[in-house]
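# Fold and contact review
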Amino acid sequence: MNITLSADEKLIARSRKYAKEHNTTINNLVREFLQRIGGDQDKYDNAEEFFKLAKKMGGRSEESFIFNRDELHERFDFE
């Protein structure tokens, strides 16, 4: 089945850039998202996936790091 989505041009451009940086496509990202929210996985499968991703991709911040919401928005250019 095919679906058609519409979105802001800037959002699509940023999404394409993200997909390219992660060696995938917008289509695959949307498919994975839909699978996560509407798929057959249960909460234990989701927890296991989260654990694996956190172990693989988790990082540590310096002790002096302080979360700053304004810097986060500047860093990721949420417009």
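Residues numbered from 1 in each chain as written. Predicted model: local features only at pLDDT ≥ 70, side-chain atom pairs only at ≥ 80, totals over all residues. Heavy atoms only, no water.

## A closer look at the overall build of the protein chain
Counting secondary structure elements, the protein chain contains 4 helices and 0 strands. Ordered by position from N to C terminus, the α and β elements of the protein chain give α-α-α-α. For the protein chain, the residues scored as buried account for 1% of the 79 residues in total. Accessible surface, the protein chain: about 8,300 Å² in total, of which carbon and sulfur atoms supply 52%. (Helix = DSSP H or I, 4+ residues; strand = E, 2+ residues; numbered from the N terminus. Buried < 20%, exposed > 50% of the residue type's maximum accessible area, 1.4 Å probe, protein only. Areas by Shrake-Rupley, 256 points an atom, 1.4 Å probe, with all protein chains shown as cover.)

## As for helix α1 (residues 9-21)
Here α1 is 13 residues long and its end C-alpha atoms lie 18 Å apart, about the 18 Å a rise of 1.5 Å per residue gives. Two to three positions downstream of the cap, the backbone nitrogen of lysine 10 sits 2.9 Å from a side-chain oxygen, assigning the N-cap of α1 to aspartate 8. Of the residues one or two after α1, asparagine 23 is the one with positive phi, at around 50°. (Expected span 1.5 Å × (residues − 1). Polar contact = N/O pair within 3.5 Å; in protein donor to acceptor, adjacent residues only side chain to side chain.)

## Here's the deal with a nonpolar patch on the surface
There is a patch of nonpolar side chains on the surface, built from Met1, Ile3, Leu5, Phe33, Leu34 and Ile37 and spanning about 770 Å² of accessible area. Looking at the secondary structure, you find leucine 5 in the segment before α1. (Patch = residues over 30% accessible without salt bridge, like charges linked within 9 Å, V, L, I, M, F, W, Y side chains within 5 Å. Salt bridge = Lys/Arg side-chain N within 4 Å of Asp/Glu carboxyl O.)

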